Amino acid sequence: MKTRLACMLYESMLVLGLVFGAGLLFSVVMQQRHALFLRGGMQAWLFFIMAMYFVWFWSHGRQTLPMKTWYIRLVDRFGQPVGYGRALLRYLLCWLWVLPGLILVYLLGTKHWMSVLIPAANMALWALTIYLDPQRQFLHDRIAGTRLVRVAAPT
């Protein structure tokens, strides 16, 4: 689990750069002068860009750069490469790491530190779902029919 979480931390740094660049492109093209102007369009654009990033790498080569660094590969439950559909399903299910917590924050109208604590608790609980699976796979992988496997380091 430590390796996968370290890989996720590295991945989040790369995705932050991707989101920054895509957000800048959107802002320039749409002449966005205020953060709330076209906010929904910006969110949809960033969701699409991240989907393209993950779906492409998971279905072509089965690894993102952080996954290559940590020798992790995404395969289906039979050990075969993942296609576009399964990769997209996995991407959508990965949002369960944060989306329920964010929805709960919105519904409860929480402020200040609770707005951070609730999504953090959601993420911690989701990470603990590996203990529900005998192969120690995350719940979204179980549902999507995918697995993260360790690969041998090149010699």
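Please refer to the structure higher up on the page.
These notes cover the structure that comes with them. (Residues numbered from 1 in each chain as written. Predicted model: local features only at pLDDT ≥ 70, side-chain atom pairs only at ≥ 80, totals over all residues. Heavy atoms only, no water.)

So, unusual backbone geometry
Its identity is not glycine, yet Arg62 carries a phi of approximately 65°, on the positive side. Residue placement: Arg62 occurs in the loop between α2 (39-59) and α3 (65-69). Of the residues examined, Arg62 reaches a relative accessible area of 19% and is grouped as buried. Notably, Tyr71 is not glycine yet its phi reads approximately 55°, a positive angle. Structurally, Tyr71 is set in the loop between α3 and β1 (72-76). (Helix = DSSP H or I, 4+ residues; strand = E, 2+ residues; numbered from the N terminus. Buried < 20%, exposed > 50% of the residue type's maximum accessible area, 1.4 Å probe, protein only.)

Quick notes on the packing of helix α1 (residues 2-29) against α2
For the pair α1 and α2, interaxial distance at closest approach is 10 Å and the crossing angle is 135°. One finds that α1 runs oblique with respect to α2. Crossing hand, α1 versus α2: right-handed. Seen from α1, the contacting residues are Glu11, Leu14, Val15, Leu18, Val19, Ala22, Gly23, Leu25, Phe26 and Ser27; seen from α2, they are Gly41, Met42, Trp45, Leu46, Ile49, Met50, Tyr53 and Phe54. Of the residues contributing to the contact of α1 with α2, the split by class is 14 nonpolar, three polar and one charged. (Axes fitted to C-alpha atoms, helices over the stretch in contact; angles between N-to-C directions. Parallel < 35°, antiparallel > 145°, perpendicular 65-115°, else oblique. Left-handed = near helix turned anticlockwise from the far one by under 90°. Contact = heavy atoms within 4.5 Å. Nonpolar A, V, L, I, M, F, W, Y, C, P; charged D, E, K, R; others polar.)

On their own, these measurements won't tell you what the molecule is for.
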